Amino acid sequence: MAFNHLPAGVHDALAPLSVTPVTHSVPMAKNHRSEGSPTDPAARPTPGAVLDRLASGPSRAARITHTEHLPPRAGRHAVWPDRIRPEVIAAVQACGIEHPWAHQALAAEHALDGDSVVIATGTASGKSLAYLMPTLSTLLDGSEAANGRGATALYLAPTKALAADQRRAVRELARPLGTAVRPAVYDGDTPVEEREWVRQYANYVLTNPDMLHRGILPSHPRWSSFLRALKYVIVDECHTYRGVFGSHVAQVLRRLRRLCARYGASPVFLLASATAAEPSVAAGRLTGLPVVEVADDASPRGELVFALWEPPLTELHGERGAPVRRTATAETADLLTDLTLQGVRSVAFVRSRRGAELISVITQERLAEIDRPLARRVAAYRGGYLPEERRALERALHSGELLGLAATTALELGVDVSGLDAVLIAGYPGTRASLWQQAGRAGRTGQGALAVLVARDDPLDTFLVHHPEALFDQPVESTVLDPDNPYVLAPHLCAAAAELPLTDDDIQLFGPACADLLPQLEAAKLLRRRTRAWHWTRRERVADLTDLRGEGGRPVQVVEAGTGRLLGTVDEAASHTAVHEGAVHLHQGRTYLVRSLDLDDSVALVEQANPPYTTVARDTTAISVLETDVTVPWGDGRLCYGSVEVTNQVVSFLRRRVITGEVLGETKLDLPPRTLRTRAVWWTVTEDQLDEARINPEILGGALHAAEHASIGMLPLFATCDRWDIGGVSIPLHPDTLLPTVFVYDGHPGGAGFAERAFHTARAWLTATREAIASCECDAGCPSCIQSPKCGNGNDPLHKRGAVRLLTVLLKGAPEENPEERPEERPQEKTEAS
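In short, a report on the structure. (Residues numbered from 1 in each chain as written. Predicted model: local features only at pLDDT ≥ 70, side-chain atom pairs only at ≥ 80, totals over all residues. Heavy atoms only, no water.)

### Topic: the overall build of the protein
Moving on, step 1. Regarding its fold elements, the protein presents 27 helices and 31 strands.
Moving on, step 2. Across the 834 residues in the protein, those meeting the buried criterion constitute 62%.
Moving on, step 3. Looking at the protein as shown, the accessible area adds up to about 31200 Å², and 50% of this sits on carbon and sulfur atoms. (Helix = DSSP H or I, 4+ residues; strand = E, 2+ residues; numbered from the N terminus. Buried < 20%, exposed > 50% of the residue type's maximum accessible area, 1.4 Å probe, protein only. Areas by Shrake-Rupley, 256 points an atom, 1.4 Å probe, with all protein chains shown as cover.)

As structure tokens, this is what we get:
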């Protein structure tokens, strides 16, 4: 029997939402402080004072396990670069900025010199101005050209919200420059009648990588005048381009560079990120160009008080009788309610769409009992909303009409929400980069700010709130991406050939794997070689071969059955778990039941209802080894890395009572299996090692299963991934290894680099996994150590002590150094590559 742990899907542990907590003793951190230095003490409470009020309720103070105080920092000014147009300087000064910070001036100088540059300074450090100074100056120069359209610039954002926000900022800044700067958003929400104007007249186009891939590059003849004049490509929030998504974007940028060269342009790339490790290296891998790094942050910073908050244990018991902590969802809703009552402008970040809706609903209900008008000043913000709904929420947040917001990461990136006082983070967001990005949403005008990480009942969250040094004394993670992944590269080679026939000269641009893939694509009849070039041979849109975000397939539309009204969309990859028949679906505070899911037409029909339960999908997973690239001896055991095939099927769903989490019943589902070819790391143990660890056959499955769960939970500490990006399988006797084996695999076709990172950090990763299990206070295993919210086997069987003994024996044989061998060239399957 295999025990599996599948990536993707919505399996939030929702219960209990409202319970009486059991007080438990957690020592206060010695460096807990309440001082602050707000910009306007009369108008704003200090962040320390706000935290003190949050901690003043019954048993509240004991929930704070650590408080970190980041002191304020003074800024360092510089003179304006002499090549910046005086009109641009005057426009910036009219906005109240008398002089640039030193890092802004340095980045602008590099850009004007023609150097691609990455600005890697903190949140709210003025990165936008650093790239806008040279860009606006160049556009102004171009507007005075005697012929042609003048210079152009392209801005890329990972989200539509960020692009729309940046357009507002550019319009405001460039207003004194008249028609010399003509910014326009070009994305899926842009009306058809506006698109032609953007192509012909806009000289500062704001879009996203998806639209560049699907709309601009395939139609490059219609964009020829824009591309011919392209001087700058701005890549904002570049740290988000990681894993499969980052690998796709890297190839899209290479396609853009190729077409620009065709029209005689060689644009300079300006990249920006508040949270990047080795920024010049990461930016170079993303763009394929040498990139200069500007990372010395000269901007001032208000103080930040950052608290780690662990919800208390409750009197309830979960699966297999395990003790249960109060959910981060319920705890965050309480804190958001308290902050709203204090008049503290706040955003609560939550990992799932359902969680954002729940926190909003619970907060509104509790506020309505005290002050009904105040309840209308709290809302949810997430992906899947219709464009007009997103825009309305963004306007309300900017205006201050909204006082509290429960948001997914759709609001994490760069959207200017100046004036926020506090940020709540419901569960570790998966990486330190995201953690600091979310915490940085507050205090963006230089005032003091409060950030609170509310731990989920999860191995990694529990580890972090009791090991604050892992958050505050470590740099952000290195960006993991693999542009040479054949599952990524192959469709982009087809897209490039459809844009312009591919020649031998293009092989260097697209990377060394290109030479091996082109003959395979020709054999698959996707490309045809004529004379000295490869051509796209099919009639269908080549852009449909790939989804940049690794989601695959077209989104499933969620439609209200009685009215035909489109409520929103769900990614195809999540549809089997999120909108299966009988699923509970939340949308803007309303509850719906899914009546049917039509996978052929990508439509889920729902009807409004108010069931007293939530739903959780169950699945089964099998895994087979396709190719073992590297094997490293760990004593008698083995650590391996290679290619695998994973077959998963959602087979049923559970109905859980909302308040208690009690299982009310299980319903079978008839959904097709899905197959995934990807990359994995796995380890095996021998009979002798099992004897040494005192693992008998009765507990072997539970020990492996528990180790698998905990290792998946801990991997985000070592790779830039979320636990939902990866999956796992454990089996007492695997048919390919003929030994007890634990697999951890990337949840994306062809891999995303996470399993490779796990392989190279295996000793530290599995040591932290063992420590997280062993240090948990529970007796037999709980969500804080070995239980998983997305386990397809209902967290059965699990054996906590067996997992600790097994990992102890395995780690005894681990090499002192992490394996330095790089994985060999991965196998190239012709059919999958296409």
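### Notes on the packing of helix H23 (residues 697-714) against helix H25 (residues 762-774)
Moving on, step 1. In the contact formed by H23 and H25, the axes pass within 9 Å of each other and the chain directions differ by 115°. Taken together, the axes of H23 and H25 lie roughly perpendicular to each other. When the axes of H23 and H25 are compared, the crossing they make is right-handed. Between H23, through Ala706, Ala707, Ala710, Ser711 and Met714, and H25, the contact on the second element is made entirely by Trp765, Leu766, Ala768, Thr769, Ala772 and Ile773.
Moving on, step 2. Class assignment of the residues belonging to the contact of H23 with H25 gives a composition of nine nonpolar, two polar and no charged. (Axes fitted to C-alpha atoms, helices over the stretch in contact; angles between N-to-C directions. Parallel < 35°, antiparallel > 145°, perpendicular 65-115°, else oblique. Left-handed = near helix turned anticlockwise from the far one by under 90°. Contact = heavy atoms within 4.5 Å. Nonpolar A, V, L, I, M, F, W, Y, C, P; charged D, E, K, R; others polar.)

### So, the environment of Ile97
Moving on, step 1. Turning to its location among the elements, Ile97 is positioned in the loop between helix H2 (86-94) and helix H3 (102-112).
Moving on, step 2. Setting aside its immediate chain neighbours within four residues, Ile97 contacts Trp80, Val92 and Leu129.

### Quick word on the sheet that holds strand E19 (residues 527-530)
Moving on, step 1. Spatially, three strands are ordered E18-E20-E19 in an open sheet, and the strand pairing comes out antiparallel. Edge positions in the sheet fall to strand E18 (502-503) and E19, since each has one partner strand and no second.
Moving on, step 2. By the bridge criterion, four bridges tie E19 to strand E20 (residues 533-536) in an arrangement that is antiparallel. Each bridged residue has a counterpart across the sheet, and for Arg528 the counterpart in E20 is His535.
Moving on, step 3. Helix H18 (residues 486-499) rests against E18, E19 and E20 of the sheet, and its axis sits at about 95° to E20. (Pairing = 2+ DSSP bridges.)

### What to know about unusual backbone geometry
Glycine aside, residues mostly have negative phi, and peptide bonds are mostly found in the trans state.
Moving on, step 1. Positive phi, normally seen in glycine, also occurs at Lys525, with a value near 65°.
Moving on, step 2. Among the structural elements, Lys525 can be located in the loop between helix H20 (514-523) and E19.
Moving on, step 3. With a relative accessible area of 63%, Lys525 lands in the exposed category.

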